[in-house]
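Residues per chain, in single letters:
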Amino acid sequence: MFWDQESETITRSTLQQLQLKRLQDTVQRVAQRVPFYRDKFKKLGITPADIKSLDDVRRLPFTTSADLRANYPDGLLAVERDEAVRLHTSSGTTGKPKAIFFSRKDVDNAAELIARSLVMTGITKKDVFQNMMSYGLFTGGLVMHYGAEKVGCLVIPSGPGTSERQLMLMQDFRTTAVHILPSYALYFAGFLEQKGIDPRKDLALRKACVGAEPHTEETRRRIEQIYGCDVYNSYGLTEMNGPGIAFECEHKAGLHLWEDNFILEIIHPDTGEPLPEGQTGEMVLTSLKREAMPILRYRTRDITSIIPEPCKCGRTHRRFARITGRSDDMLIIRGVNMFPQQIERVLMSFPQVGRNYVIVIEGLDDMTIKVELTAAGFDGQVEHLSALQKQMVEKLKAETWVRPKVELVPAGSLPVAEGKAKRVIDKRSL
Ligand code: ADP
Ligand code: ZN
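A.B. asks: In this structure, what is going on with the overall build of the chain? I would like to understand it.
C.D. replies: Of the regular secondary structure elements, the chain holds 12 helices and 21 strands. Taken over the C-alpha trace, the chain has a radius of gyration of 22 Å; the compact-globule value for 430 residues is 22 Å, and the two agree within 12%. Along the three orthogonal principal directions, the C-alpha set of the chain runs to about 70 × 50 × 40 Å. Contacts in the chain between residues far apart in sequence, at least 24 positions, make up 66% of those at least 6 positions apart. Of the roughly 18,900 Å² that the chain leaves accessible, carbon and sulfur atoms contribute 52%. On the chain, the mean spot of the 59 positive side-chain charges and the mean spot of the 55 negative ones are 1 Å from each other.

Below you can see the structure in the form of structure tokens.
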């Protein structure tokens, strides 16, 4: 099923022409209106007329999250202040957040991309769509909301709310589709278990869009199995609109990036050099249609690779592989590099593992993984637990080359974050 078949199946050559035209317009706009980019162009000795082919995108400067913070609150605005109709921010865990403006057209366009994305998963106007992402400055609430309304779903803006209320809404309105953080989907499953609710029988869920934070294929499978529904990976970042930038189609084989709206590059995170299609590196995105605040070559720090083969669904927009981590998430333990996702993959391969875990690093690179077990997994028999623990340590060692400590704890004993999960507590940097 398509929302906008013509745009979604556009031929590669027409798509590339469109990208070039939109890139040229964007570069022209920021050169005229944004002093930050004007100065950068001057330093690089380039003018908008130098962008003659799509490859010339490489001549443009990168934009980093530090640039966004340095230009807070409105240094990168490319329209008059009264043309902006919406403000969102991206997390300001330290210091000021990054502020992102939307014009009227940007708001409509973001909703349009969400509509494409949701319909691509098989969601229709018949669905009751419960948006369990936080409403407010975070894009996961409002941006997703307007797109789901555009599709014609009955949208329930439940936000992250309490689990009691989520369940009540799900049951009373027969929710069929949700948009949810993977960490919350796992946590909520524990809540349902406690309430004696069997999600496969007692709920009407058929689709779950899961994203906004990294998660593994094992976690997807687990959520599918618990809820008895299809789970699709949803990727986004505030700087480029929020959700709806890239999504999985019904084949669940990588995320289609809407290339008529963004230019996708994969670069080597250290050298900044572009990598050939298929190689793993840092994703860099250039917005092509954003009006209020276009961003050139944004360093997402998300690690992935382009899947060059065309998708069976017929969409011509290329896919990228599940994000394996952020370049700044990489842990260095006793000289060995690893990503928290590798640990998650191992943990989720144990059926006894429950719904939450945390990686604590302290002292001289001592890594302890605290893992919640399911009620059945934590059956209290000391010998079982110590055998399980040993097995986990071995598997983790084989995957990461580091031997961690593993602490098995009962369900519900680890803290749960309000929004995105915090999986790593690195006390070395405190
Ligand atoms: P904040 O910075 O406030 O957390 P954003 O929504 O802008 O808010 O965060 C975007 C980041 O979230 C992405 O750059 C990426 O690291 C992560 N992210 C979003 N969706 C996914 C996904 N499906 N898989 C992995 N990581 C994701
Ligand atoms: Zn597809």
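The discussion continues.
A.B. asks: Whenever I open this one, the environment of Thr139 confuses me. Can you help?
C.D. replies: Inspection of the secondary structure puts Thr139 in helix H6 (residues 139–151). Residues Thr139 and Thr9, spaced 130 residues apart in sequence, show a C-alpha to C-alpha distance of 27 Å.

A.B. asks: How should unusual backbone geometry be read in this particular structure?
C.D. replies: A negative phi angle is the norm for most residues apart from glycine, just as the trans form is the norm for most peptide bonds. Looking along the chain, the bond that leaves Tyr72 and enters Pro73 is cis, with omega of 0 degrees. Along the chain, Pro73 falls in the loop between helix H4 (65–70) and strand S1 (84–90). One non-glycine residue, Arg301, lies in positive phi territory at about 70 degrees. Tracing the backbone through its elements, the reader meets Arg301 in strand S12 (residues 298–304). In this structure, Arg334 is a non-glycine residue whose phi angle is positive, near 50 degrees.

A.B. asks: Any chance you could explain the coordination of the zinc ion (ligand 2) here in plain terms?
C.D. replies: Around a metal, the perfect tetrahedron of four donors has angles of 109.5 degrees, and the perfect octahedron of six donors has angles of 90 or 180 degrees. Only Cys249 (SG), His256 (NE2), Cys311 (SG) and Cys313 (SG) from the protein coordinate the zinc ion (ligand 2), and they sit 2.1 to 2.3 Å from it. For the zinc ion (ligand 2), the 4 donor atoms in the first shell make angles of 101 to 117 degrees at the metal, a pattern classed as tetrahedral. Between consecutive donor residues of the zinc ion (ligand 2), the sequence gaps follow C-x6-H-x54-C-x1-C. Highlighted residues: His256 in strand S9 (residues 255–257) and Cys311 in the loop between strand S13 (306–307) and strand S14 (319–320), separated in sequence by 55 residues. Residue His256 is classed as buried on the basis of its relative accessible area, which comes to 0%.

A.B. asks: I would appreciate a short explanation of the pattern of salt bridges in the present structure.
C.D. replies: Oppositely charged side chains can pair when the atoms bearing their charge come close. Evaluated as defined, the whole model comprises 32 salt bridges. A salt bridge links Asp108 to Arg104; the nearest nitrogen and oxygen atoms lie 3.9 Å apart. Of this pair, Asp108 and Arg104 both sit in helix H5 (residues 104–120), separated by 4 residues, roughly a single helical turn. Among the charged side chains, a salt-bridge network with shared partners connects Arg12, Glu259, Glu277 and Arg318.

A.B. asks: What's the story with the sheet that holds S12 in this structure? I'm lost.
C.D. replies: Hydrogen bonds along the backbone pair up the strands of a sheet, which may run parallel or antiparallel. Within the open sheet, the 4 strands sit side by side as S10-S11-S12-S15. Their pairing is antiparallel. At either margin of the open sheet sits one strand with a lone partner, and together these are strand S10 (262–267) and strand S15 (325–326). Bridging between S12 and S15 involves 2 bridges; their strand directions are antiparallel. Residue pairing across strands places Ile303 opposite Gly325, the latter belonging to S15.

A.B. asks: Whenever I open this one, the domain arrangement of the chain confuses me. Can you help?
C.D. replies: Often, the extent of an interface is quoted as the loss of accessible area upon association of its parts. Domain parsing of the chain yields domain 1 (1–329) and domain 2 (330–426). Of note, the centres of domain 1 and domain 2, computed from C-alpha atoms alone, are 29 Å apart. Carbon and sulfur atoms supply 52% of the area that domain 1 and domain 2 bury against each other, a total of about 1,800 Å² over both sides. Counting the surface domain 1 buries against domain 2, the share from its top three residues, Glu218, Arg222 and Asp329, is 29%. At the junction of domain 1 and domain 2, the tally comes to 1 salt bridge.

A.B. asks: What should I look at first to understand the sheet that holds strand S18 (residues 353–362) in this one?
C.D. replies: Taking strand neighbours across the sheet as the criterion, the 4 strands line up as S20-S19-S18-S21 in an open arrangement whose pairing is mixed. Edge positions in the open sheet fall to strand S20 (405–409) and strand S21 (424–426), since each of these has one partner strand only. In this sheet, neighbouring strand axes are inclined to one another by 20 degrees on average, regardless of whether the strands run parallel or antiparallel. Contacting S18, strand S19 (366–373) and S20, helix H12 (residues 382–400) runs over the sheet at an angle of about 140 degrees to S20.

A.B. asks: Just checking my understanding: could you explain the pairing of S1 for this structure?
C.D. replies: Within a regular strand, side chains alternate between the sheet's two faces. Of all 7 residues in S1, 5 are buried, a share of seventy percent or more. Here 6 bridges tie S1 to strand S2 (residues 98–103), and the two strands are oriented antiparallel to one another. If you follow His88 over to S2, its bridge partner there is Ile100.

A.B. asks: Even after reading the chapter, I still don't get the site of ligand 1, so can you show me in this structure?
C.D. replies: Near ligand 1 you find 18 residues, and of these Ser90, Ser91, Ser234, Thr238 and Asp302 are the closest. For ligand 1, a nitrogen atom lies 3.4 Å from a polar atom in the backbone of Pro214. A distance of 2.6 Å separates an oxygen atom of ligand 1 from a polar side-chain atom of Asp302. For ligand 1, whose free accessible area comes to 560 Å², the fraction covered by protein is 90%. Here the element with the most residues in the shell around ligand 1 is strand S7 (residues 230–237); it accounts for 5 residues. Here the shell around ligand 1 is built from residues that sort into 6 nonpolar, 7 polar and 5 charged.

Calculation criteria
Residues numbered from 1 in each chain as written. Chains lettered and ligands numbered in written order. Predicted model: local features only at pLDDT ≥ 70, side-chain atom pairs only at ≥ 80, totals over all residues. Heavy atoms only, no water. Helix = DSSP H or I, 4+ residues; strand = E, 2+ residues; numbered from the N terminus. Rg over C-alpha atoms; globule rule 2.2 N^0.38 Å. Contact = heavy atoms within 4.5 Å. Areas by Shrake-Rupley, 256 points an atom, 1.4 Å probe, with all protein chains shown as cover. Lys, Arg positive; Asp, Glu negative; His and termini not counted. Charge placed at Lys NZ, Arg CZ, Asp CG, Glu CD. Donors = N, O, S within 2.8 Å, 3.2 Å for Na, K, Ca; no water. Tetrahedral: all angles 85-135°; square planar, octahedral: opposite > 155°, others 65-115°. Buried < 20%, exposed > 50% of the residue type's maximum accessible area, 1.4 Å probe, protein only. Salt bridge = Lys/Arg side-chain N within 4 Å of Asp/Glu carboxyl O. Pairing = 2+ DSSP bridges. Domains from an automatic or database assignment. Buried area = accessible area lost by both parts, 1.4 Å probe. Axes fitted to C-alpha atoms, helices over the stretch in contact; angles between N-to-C directions. Near = heavy atom within 4 Å. Polar contact = N/O pair within 3.5 Å; in protein donor to acceptor, adjacent residues only side chain to side chain. Nonpolar A, V, L, I, M, F, W, Y, C, P; charged D, E, K, R; others polar.

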